[in-house]
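# Understanding the architecture of this molecule
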Amino acid sequence: QVQLVESGGGLVQAGGSLRLSCAASGRTFNNYAMGWFRQAPGKERDVVAAISRSGGSTYYADSVKGRFTISRDNAKNTVYLQMNSLKYEDTAVYYCAAVPKAAATRDIRLYTNWGQGTQVTVSS
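Cut-off values and rules
- Residues numbered from 1 in each chain as written.
- Predicted model: local features only at pLDDT ≥ 70, side-chain atom pairs only at ≥ 80, totals over all residues.
- Heavy atoms only, no water.
- Helix = DSSP H or I, 4+ residues; strand = E, 2+ residues; numbered from the N terminus.
- Phe/Tyr/Trp six-rings, centres within 6.5 Å; stacked < 30°, edge-to-face > 60°.
- Buried < 20%, exposed > 50% of the residue type's maximum accessible area, 1.4 Å probe, protein only.
- Lys NZ or Arg CZ within 6 Å of the ring centre and 35° of its normal.
- Salt bridge = Lys/Arg side-chain N within 4 Å of Asp/Glu carboxyl O.

### Description of unusual backbone geometry
Despite not being glycine, Asn77 has its phi angle at roughly 55 degrees, a positive value. Following the sequence through the fold, Asn77 ends up in the loop between strand E7 (68-73) and strand E8 (78-83). Its identity as a non-glycine residue notwithstanding, Ser85 has a phi of 50 degrees, on the positive side. Among the secondary structure elements, Ser85 is positioned in the loop between E8 and strand E9 (92-99).

### Overview of the packing of aromatic side chains
Tallied over the full model, the rule gives four aromatic pairs. Measuring from ring centre to ring centre gives 4.8 Å for Phe37 and Tyr111, while their planes differ by 80 degrees; the resulting arrangement is edge-to-face. Residue Phe37 is found in strand E4 (residues 33-39), and its partner Tyr111 is found in the loop between E9 and strand E10 (113-114); the two are separated by 74 residues along the sequence. By relative accessible area, Tyr111 is classed as buried at 6%. Between Tyr95 and Trp114 the ring centres are 6.4 Å apart and the planes differ by 80 degrees, which places this aromatic pair in the edge-to-face class. Taken together, the positions of Tyr95 in strand E9 and Trp114 in strand E10 put the pair 19 residues apart, joining distant regions of the chain. The residue whose ring lies beneath Arg45 is Tyr95, and the NZ or CZ to ring-centre distance is 3.6 Å.

### Some thoughts on the pattern of salt bridges
For the coordinates displayed, the defined rule picks out four salt bridges. Between Asp62 and Lys65 there is a salt bridge, and its shortest N-O distance comes to 3.2 Å. Lys65 carries the same exposure label as Asp62, and that label is exposed. Among the ionic contacts, a cluster of salt bridges with common partners joins Arg38, Arg67 and Asp90.

Okay, here's the thing in structure tokens:
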């Protein structure tokens, strides 16, 4: 099992940047592919980005391609989401999650471990 804690959320103006971090506890971080998801009020939780266990492959939702970058540091048990050119519609609670697979996985149903979420608010 792995426990996840997100940080780095906050309030930013449109066009600005934020970097989210997700720290994992436990010795098994390397066994998990990781993902970032977001949920806006009244909407379903959707995938934003995912990264493979090794970090060698990634997936991005169309809405964030070219603006967001997911990465991981397995030595630090941490996954990151660099968010640039933020838009008002990026406002949401952002969650990181872990899935016991090797490949970058966009199917939310497969994720087994979740953080508590961090709020990102983009002002227009």
